[in-house]
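# Geometric and topological summary
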Amino acid sequence: MNADGTGNAFGGQATHVVQAGTIYGGVNGAQNSLPVPRQLPRAATCFTDRADAMGRLSELAMAENEVVLISGPAGVGKSALAVFWAHSVKQRFPDGQLYVNLRGYDRLAPLSPEEVLHGFLSALGAPVNRVPGDLNAMSALFRSLLDGKRLLLVADNAGSSDQVRPLLPSSSVCFTIVTSRNRLGSLTAVDGATHLPIRPLDTPEAVELFSRLSGHRDTDGATQLVVRCGRLPLTVRMAARQASSDASLTALLEELTGGGDRLEALSALDEEMEVRTVFSWSYQQLPPATARAFRLLSLHAGPDFSVQTAAALTALSETETRRVLRRLTAVNMLEETGERRYSYHDLLRDYARERVAEEESPEERTHALCRELSFYLRMADAADRVLVPERQHVPLDRGEYEGNASFADPAAALRWCDAELSSLVPAVQQAVELGRDEMAWKLPVALVYFLRLRGHNSYRLELSTTAVEASRRLRDRWAEVRSLICLGGAESDLERHEDALVHFTEALRVSQDINDRRWEATSAYNVAWTLRLMGRSEEALYRQREALAIRQETGDRRGESITLTEIGALELNLGRPAQAYEEYQRALTGARETADLPTEAKSLHGLGDVCKAQGRTSETIGWYEQAVTVRRRVGDLLGLARSLMDLGGQLTAVGRAAVAREALVEAAAVLDTLRDPMAEDVRRCLAEHYGEAQGDPPATG
């Protein structure tokens, strides 16, 4: 049982559904490797030829470890230039392309370097259990993984130099593009970035773009129109769309000249422009349902959204939602950012938020957000039930999202959670702002296992803290226990053991107050778990026996077996192998009775550890072989690697060289699949005993 009710160190069985090949490769771990990251978003169509800027980027890309800062005002096409150029040269960077929108100028909080590095490290294959929590350590690991690689990195929409600096690679063959509305002086002065300022299109280029898109050949009229649009690619495109509907350029010019407010985001430009008027041309021609969707979708807190999310916000069917999204994309009011995912341009999001504030009542805005929150809760819960079926899940009320909330397998659940993470975190804050405290504690608890699996410990800490606060506002003590355990689990994985112990102890006290014996046992287990991590083994053993007594009293056979494996490990650590053997045997019996394969595997390996400590080599090999078999079935790659390593060591000691080498080769292949640094230890062992070359991954057949 684990610290937050999810398994192993977090309170439930879970290792068998998560380590499978959809994340890092095949379950056998022997042949698959991570794909090269290809994270660039879709390139713009009808991209206007910024020949000078494109040429300058190509020239700079020839330099060693060059960093280029593309700066310019909102809507000028910085991101479009960076992405279009990156697509045009991606064959020069065979080791991949990394991309991130840093949200430097957004209603949402800017992404922290830690969040970005976590995503990059995951894309580069760093196993989540090996990603450090410290920013400097994460940055160092990132640079190490990129050493010698020819890779392109695009850090889009940066708000400050500090947001970018930890992301800069040190490899001489990497190339980094940063885009920002700010000139980021320290990035150029301190880090040597080359500044490439981008201005609005030259008038001839803007006229050419307008003419290509609209079909109009009135050069004089087009010139006046694009100047009034500020010669921004975005507004020129929208004006061209309006003009392509046979509208008179004279009429459009008269409308633009008629006055009106300007969007604040464009106030830094010197040119006159009536951006709201340009946006209104497209908006006013939308069918009512499509216009309503355009404004309601701006309530979404994340950077992009799926068809399902849009359907929840708008209360439309998925079929109708797809039609609406296609219409909005066709008139350049939304951008398709990936497979069935959409987003606004920053300026259009601002416009949509103005429209929703003026045209929708506060009640309707609240209803839309509550539909989205309900959708997220149902989907997060469905993912949790697939990833950790044995766990006690959050209760869902009738009347919450009633759509199709299910996943075919753990891989599908993980894909959904990965895609939605950047929206789920701010959605929890929206729940707090709306006073929906039930959502504010249930959503973090439903997500906690996914967050732990992916190593998003900073998110776990933030969301679990929110859950505790929300449960206390509700005076829901059962929810408080669940939330405290989640919070302690996050702190434990961040090695904040003193804080974890405080919150686990608090969860124990509250569970005793409400006489919930199940959660009292879980809390006691977690207190003991934390004491062991703090080196207080005798005290930990005493507390685990308290937890065991509650498991036995309540008839929790599976929980009893999980606790017994921890007691066995503690007895062995304290130098009492005979007692440890007995506890592991009891755990094995209970695990088999409850069909708990991960605990069965842990018990088998523990029995092998005890026999190894006593010098009973033949029995040790037998137990490790059984552990390998079960861990293969479960798909627990890290556990499999450990069992194979220990098995290989024992087989080597008794001279069974061929079988020992086979086990070690497989262990190294599994660890290579996980990009775990322990692979180097295994290769050193192979080199020492079997003459394997250390520099290359072992052959896998």
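Fair warning: this is a prediction, and the values are worked out from it, not measured in the lab.

### A few points about the overall build of the protein chain
- Each helix and strand in the protein chain was counted, giving 32 helices and eight strands.
- Within the protein chain, contacts between residues at least 6 apart in sequence are counted, and of these 68% link residues at least 24 apart.
- When the accessible surface of the protein chain is split by element, carbon and sulfur atoms take 47% of a total near 27,600 Å².

### Some words on empty space enclosed by the protein
- Per the counting criterion, the structure on display carries two cavities of 30 Å³ or more.
- Estimated volume of the largest cavity: approximately 50 Å³.
- Classifying every residue of the lining of the largest cavity by side-chain character gives four nonpolar, four polar and three charged.

### Some words on the confidence of the model for the protein chain
- In the predicted model, the protein chain carries a mean pLDDT of 84, and the fraction of residues at 70 or more is 86%.
- Counting interchain partners and residues more than four positions distant, the pLDDT-below-50 stretch residues 693-701 has 19 contacts.

### Some points on the layout of surface pockets
- Considered as a void within the structure, the second largest pocket measures approximately 400 Å³ in volume.
- Around the second largest pocket sit 18 residues that line it, and Leu108, Ala109, Val425, Pro426 and Gln429 are the ones nearest its centre.
- If you list the elements that add at least two residues to the lining of the second largest pocket, you get α19 (410-433) and α21 (457-474).
- It is α19 that provides the largest number of residues to the lining of the second largest pocket, a total of seven residues.
- A breakdown of the residues in the lining of the second largest pocket according to their chemical character gives nine nonpolar, four polar and five charged.

### Let's talk about the sheet that holds strand β7 (residues 335-338)
- On the basis of which strands lie adjacent, the open sheet formed by three strands has the order β6-β8-β7 and antiparallel pairing. Edge positions in the sheet fall to β6 (305-306) and β7, since each has one partner strand and no second.
- When β7 meets strand β8 (residues 341-343), the two strands line up antiparallel, connected through three bridges. Note on β8: the bridge partner recorded for glycine 338 is arginine 341.

### Some words on the pattern of salt bridges
- Counted under the stated rule, the structure contains 47 salt bridges.
- A salt bridge links arginine 477 to aspartate 513; the shortest N-O distance between them is 3.5 Å. A residue pair is termed long-range when its members are at least 10 positions apart, and arginine 477 in helix α22 (residues 477-493) and aspartate 513 in helix α23 (residues 497-513) qualify at 36 residues.
- Among the ionic pairs, arginine 576 bridges to glutamate 538, the shortest N-O distance being 3.8 Å.

### Thoughts on the sheet that holds strand β2 (residues 97-101)
- Across the sheet, five strands lie side by side as β2-β3-β4-β1-β5; this open sheet has parallel pairing. Two strands bound the open sheet, and with one partner strand each, they are β2 and β5 (194-197). On average, each strand axis in the sheet is tilted by 15° relative to the strand beside it, whichever way the strands run.
- Direction of pairing for β2 relative to strand β3 (residues 152-156): parallel, over a ladder of five bridges.

### A word on the packing of helix α3 (residues 51-60) against helix α4 (residues 78-89)
- Put simply, α3 and α4 touch, their axes get as near as 11 Å, and they point 55° apart. Relative to α4, the element α3 lies oblique. In terms of crossing hand, the pair formed by α3 and α4 is right-handed. Residue-level inspection shows Ala53, Met54, Leu57 and Ser58 of α3 in contact with α4, the latter providing Leu81, Phe84, Trp85 and Ser88.
- Along the lines of polarity and charge, the residues of the contact of α3 with α4 split into six nonpolar, two polar and no charged.

### Considering the pairing of β5
- Here β5 shows one buried face, formed by Thr194 and Leu196, and one open face, formed by His195 and Pro197.
- Pairing between strand β1 (residues 67-71) and β5: four bridges, direction parallel. Opposite valine 68, over in β5, you have threonine 194 as the bridge partner.

### Describing helix α16 (residues 318-330)
- Taking 1.5 Å per residue as the helical rise, α16 with its 13 residues ought to reach 18 Å, and the 18 Å between its terminal C-alpha atoms agrees with that figure.
- Residues of α16 that are buried include every one of Glu320, Thr321, Val324, Leu325 and Leu328, and no others. Seen along its axis, α16 keeps its buried residues to an arc of 135°; they face one direction.
- On the buried face of α16, the contacting elements are α14 (288-296), β6, α15 (307-314) and β8.

### Brief notes about the pairing of strand β4 (residues 175-180)
- Burial runs high along β4: six of the six residues are buried.
- Burial of β4 is two-sided: the residues Phe175, Ile177 and Thr179 facing one way and the residues Thr176, Val178 and Ser180 facing the other way are all buried.
- Bridging between β1 and β4 involves five bridges; their strand directions are parallel. Bridge pairing in β4 links valine 67 to threonine 176.

### A few points about the nonpolar core
- Judged by nonpolar contacts, the single largest core of 42 residues is most densely connected at Phe407, Trp416 and Leu443.
- At the level of secondary structure, the elements contributing two or more residues to this core comprise α18 (362-387), α19, α20 (437-454), α21 and α22.
- Looking at this core element by element, the count peaks at twelve residues for α20.
- Sequence-distant contacts of phenylalanine 407, that is, excluding residues within four places in its chain, are made with Met379, Ala382, Ala383, Val386, Ala412, Ala413 and Trp416.

### Regarding the environment of valine 36
- Inspection of the secondary structure puts valine 36 in the loop between α2 (21-24) and α3.
- In sequence terms valine 36 and leucine 98 are 62 residues apart; their C-alpha atoms lie 9.8 Å from each other.
- Setting aside anything within four residues of it in sequence, one finds valine 36 in contact with Pro94, Asp95 and Gly96.

### With respect to the packing of α22 against α23
- One can describe the packing of α22 onto α23 by two numbers: an axis separation of 8 Å at closest approach and a directional angle of 160°. The angle between α22 and α23 falls in the class roughly antiparallel. Judged by the twist between their axes, the crossing of α22 over α23 is left-handed. In this structure, α22 uses Arg477, Glu480, Val481, Leu484, Ile485, Leu487, Gly488, Gly489, Glu491 and Ser492 to contact α23, whose residues at the interface are His497, Asp499, Ala500, His503, Phe504, Glu506, Ala507, Arg509, Val510, Ser511 and Asp513.
- Taken together, the residues of the contact of α22 with α23 break down into eight nonpolar, six polar and seven charged.

### Structural notes on the packing of aromatic side chains
- Under the definition given, this model contains 13 aromatic pairs.
- The interplanar angle of 50° and the centroid separation of 5.7 Å between the aromatic rings of tyrosine 283 and phenylalanine 294 together place this pair among those described as tilted. One end of the pair, tyrosine 283, is in helix α13 (residues 275-284); the other, phenylalanine 294, is in helix α14, and eleven residues separate them in sequence.
- On the basis of relative accessibility, which here comes to 8%, the residue tyrosine 283 falls in the buried class.
- You can call phenylalanine 294 buried: its relative accessible area is 0%.
- Ring-pair connections join several aromatic residues into one group, and the members of that group are Tyr283, Phe294, Phe305, Tyr344 and Tyr351.
- Sitting over the ring of tryptophan 519, arginine 518 keeps its end group 5.6 Å from the ring centre.
- Residue placement shows arginine 532 over the ring face of tryptophan 529; its charged tip is 4.9 Å from the ring centre.

So, how was this worked out
Residues numbered from 1 in each chain as written. Predicted model: local features only at pLDDT ≥ 70, side-chain atom pairs only at ≥ 80, totals over all residues. Heavy atoms only, no water. Helix = DSSP H or I, 4+ residues; strand = E, 2+ residues; numbered from the N terminus. Contact = heavy atoms within 4.5 Å. Areas by Shrake-Rupley, 256 points an atom, 1.4 Å probe, with all protein chains shown as cover. 1 Å grid on protein atoms, 1.4 Å probe; cavity = no way out; pocket = protein on both sides within 12 Å on 5 of 7 lines; lining within 4 Å. Points joined across faces, edges and corners; volume = space filled by probe spheres on them. Nonpolar A, V, L, I, M, F, W, Y, C, P; charged D, E, K, R; others polar. pLDDT = per-residue confidence, 0-100. Pairing = 2+ DSSP bridges. Salt bridge = Lys/Arg side-chain N within 4 Å of Asp/Glu carboxyl O. Axes fitted to C-alpha atoms, helices over the stretch in contact; angles between N-to-C directions. Parallel < 35°, antiparallel > 145°, perpendicular 65-115°, else oblique. Left-handed = near helix turned anticlockwise from the far one by under 90°. Buried < 20%, exposed > 50% of the residue type's maximum accessible area, 1.4 Å probe, protein only. Expected span 1.5 Å × (residues − 1). Arc of directions from axis to C-beta. Core = buried A, V, L, I, M, F, W, Y, C linked by side-chain atoms within 4.5 Å. Phe/Tyr/Trp six-rings, centres within 6.5 Å; stacked < 30°, edge-to-face > 60°. Lys NZ or Arg CZ within 6 Å of the ring centre and 35° of its normal.

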